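Spelled out from the first residue to the last, the chains are:
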Amino acid sequence: MPRFTESPTDRPGRALKPVVRWPAARVLFANPKILRVRPSLSLPLLRYMKKFRLRDVGGNLILHSHLPPLNSAAYGRFVAGHLLGRSEGPSHAQIGLTNACPQKCAYCYNRDRTGRPMDTETILAVVRGLRELGVFWLGLTGGEPLLNPDIVTITAAAADGCAVKLFTTGSGLTPGLARDLKRAGLFSVSVSLDHWKEDIHDAARGTPGAFRTALRAVDIFRGVDGLHTGVSAVLTRDMIRRGETEEFLEFLIGLGVDEAWLSEVKLVSAPLWNDEARISEAERLSLAALQDHVNREGRITVNYLGHFEGREHFGCNAGRKMVYVDAFGDVSPCVFTPMTFGNVHRRALGEIVEEMRRSFRPSGSCFMNTNYRLFAERGAAALPLDREASRGLCGEAIFEPTGAFSDGLFGGEKRDEGGRKNG
């Protein structure tokens, strides 16, 4: 087991959480059913998990924040329901608690969404419905979710059976609210921070002061005992091409955060529908390699979304294992897909999710990165696509071949020569 070393930082008390000793024994003790998972799933999963260091954060054994703590009841539900029970329902979901936000990000995935906001009673019903469908990991997002005055109540309800993660700009955060969220059951938080230079971050967020708001939020969350604290960053293609990701990670190590949750800019709206905005496969693989290198060093956990959803691991499971319910009740395949299959104000959540599941297939690459041209053909004014348009687009969409884990989970669903689903 690698010896734990302190992060290089000028901030006292900012060292990473210790690496877990005897990790396999502790995980097996908490969730012994994992021994019953068939090798076609367990072996690809273990190969993936070996790329991260398991850390103890307040008693939670955390690989990274896109999975529940490995000793939690939520992870036990993953094993029992999805790996052993082969549930066809979603495993991960995000809920928009509000569309209100003080920032105006150039790459915002909610910019075109409108409607009647869900009230707290509706949000709580959605939480219960998602849990009943099999969801064990729930992300709270927005807008800025901290602007919902009932966020603590919602967190407590979601934490009953799910691992709950918060995505926030930090706007509206107080030390008391951070402590209340942890007591309610929040296990992880990601603060939006896209660059180490204040002017560049503020410009991308369209908000002077956004950088300082994020740093203050990191400090507050880091001060809450047992809370896994990270940064979520959107990397532009220029930043990736110039090799600036490494310098950015050094900056985050200096902040003492537990995790860097990274994603390239997703092609979610008309200004981004071009080949120059889309990263190449070579660039994706270079980020995945950088993640693996930094994780071996052990100074910070890097969790790159393109690594998680790549063919070599889990693939993109938007609309199948991932669901997004926006602040207005529209149900989408994920936060990055500007389409809806129905609204919880008018149709039952389970009915909408099942229709969406039948329209989608697992894919070896991000659905939007592969199919953004189909959205461009329909025009920005049509976004988000309604139910019929969404079904029509899925009929034309390309779903790339998947890898071992997805093939084991879904049975290798067939596609035609263009990568489109059959049946």
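**Examining the side chain of glutamate 355**
Mapped onto the elements of the fold, glutamate 355 is located in helix H13 (residues 349–359). A polar contact of 3.1 Å, which involves the side chain of glutamate 355, links it to the side chain of arginine 387. Apart from residues no more than four positions distant in its own chain, glutamate 355 is found in contact with Phe341, Arg347, Arg387 and Arg391.

**Notes on the environment of threonine 340**
With respect to the helices and strands, threonine 340 occurs in the loop between strand E11 (331–332) and H13. Linking threonine 340 and valine 257, residues 83 residues apart in sequence, is a C-alpha distance of 35 Å. Not counting the four nearest positions on each side in its chain, threonine 340 is found in contact with Asp330, Val331, Ser332, Leu385, Asp386, Arg387 and Ser390.

**Describing helix H5 (residues 151–158)**
Note that an α-helix has 3.6 residues per turn; residues three or four places apart therefore point the same way. If you check which residues of H5 are buried, you get Ile151, Ile154, Thr155 and Ala158. Buried residues of H5, seen end-on, are gathered within an arc of 100 degrees and therefore sit on one face of the element. Lining the buried residues of H5 we find helix H4 (120–133), strand E4 (137–141), strand E5 (163–168), helix H6 (175–184) and strand E6 (186–192).

**Some thoughts on the pairing of strand E10 (residues 322–325)**
Residues Met322 and Tyr324 point to one face of E10 and Val323 and Val325 to the other, with burial holding for every one of them. Pairing analysis gives four bridges linking strand E3 (residues 92–96) to E10, with the strands arranged parallel. Bridge pairing in E10 places isoleucine 95 opposite valine 325. Examined bridge by bridge, E10 and E11 share two bridges and lie antiparallel to one another. Bridge pairing links valine 325 to valine 331 in E11. Between E10 and the antiparallel strand that follows it, E11, lie five residues; glycine 329 among them carries a positive phi value of about 95 degrees.

**Some remarks on the packing of H4 against H5**
At a closest axis distance of 10 Å, the pairing of H4 and H5 adopts a crossing angle of 15 degrees. In terms of orientation, H4 lies roughly parallel with respect to H5. The handedness of the crossing between H4 and H5 comes out as right-handed. Between H4 and H5, the residues in contact are Thr120, Ile123, Leu124, Val127 and Arg131 and Thr153, Ile154, Ala157 and Ala158, respectively.

**Quick look at the sheet that holds strand E7 (residues 228–235)**
Here we have nine strands laid out as an open sheet, ordered E9-E8-E7-E6-E5-E4-E3-E10-E11, and mixed in their pairing. The open sheet has two edge strands, strand E9 (301–304) and E11, and neither has a second partner.

**What to know about the nonpolar core**
Counting 125 residues, the largest nonpolar core has Leu252 and Phe367 as its most contacted members. Considering every element that reaches this core, the biggest residue donor is helix H8 (residues 210–222), with seven residues. If sequence neighbours within four positions are ignored, phenylalanine 367 has contacts with Cys316, Thr337, Met339, Phe360, Phe375, Leu393, Ala397 and Phe399.

**Looking at the packing of aromatic side chains**
Applying the stated criterion to the full structure yields 17 aromatic pairs. Residues tyrosine 48 and phenylalanine 314 carry aromatic rings whose centres are separated by 4.7 Å and whose planes lie at 70 degrees to one another, so their mutual orientation is edge-to-face. Taken together, the positions of tyrosine 48 in helix H2 (residues 39–49) and phenylalanine 314 in the loop between helix H12 (305–308) and E10 put the pair 266 residues apart, joining distant regions of the chain. Here tyrosine 48 and phenylalanine 314 have matching classes, each one buried. Measuring from centroid to centroid gives 6.1 Å for phenylalanine 341 and phenylalanine 360, while their planes differ by 65 degrees, and the two rings are edge-to-face. Of this pair, phenylalanine 341 sits in the loop between E11 and H13 while phenylalanine 360 sits in the loop between H13 and helix H14 (367–378), and the two are 19 residues apart along the sequence. Of the residues examined, phenylalanine 341 reaches a relative accessible area of 0% and is grouped as buried. What links up through ring pairs into an aromatic cluster is the set Tyr48, Phe52, Phe308, Phe314 and Phe405. Positioned above the aromatic ring of phenylalanine 336, the side-chain terminus of lysine 266 is 5.8 Å from the ring centre.

Cut-offs and rules
Residues numbered from 1 in each chain as written. Predicted model: local features only at pLDDT ≥ 70, side-chain atom pairs only at ≥ 80, totals over all residues. Heavy atoms only, no water. Helix = DSSP H or I, 4+ residues; strand = E, 2+ residues; numbered from the N terminus. Polar contact = N/O pair within 3.5 Å; in protein donor to acceptor, adjacent residues only side chain to side chain. Contact = heavy atoms within 4.5 Å. Buried < 20%, exposed > 50% of the residue type's maximum accessible area, 1.4 Å probe, protein only. Arc of directions from axis to C-beta. Pairing = 2+ DSSP bridges. Axes fitted to C-alpha atoms, helices over the stretch in contact; angles between N-to-C directions. Parallel < 35°, antiparallel > 145°, perpendicular 65-115°, else oblique. Left-handed = near helix turned anticlockwise from the far one by under 90°. Core = buried A, V, L, I, M, F, W, Y, C linked by side-chain atoms within 4.5 Å. Phe/Tyr/Trp six-rings, centres within 6.5 Å; stacked < 30°, edge-to-face > 60°. Lys NZ or Arg CZ within 6 Å of the ring centre and 35° of its normal.

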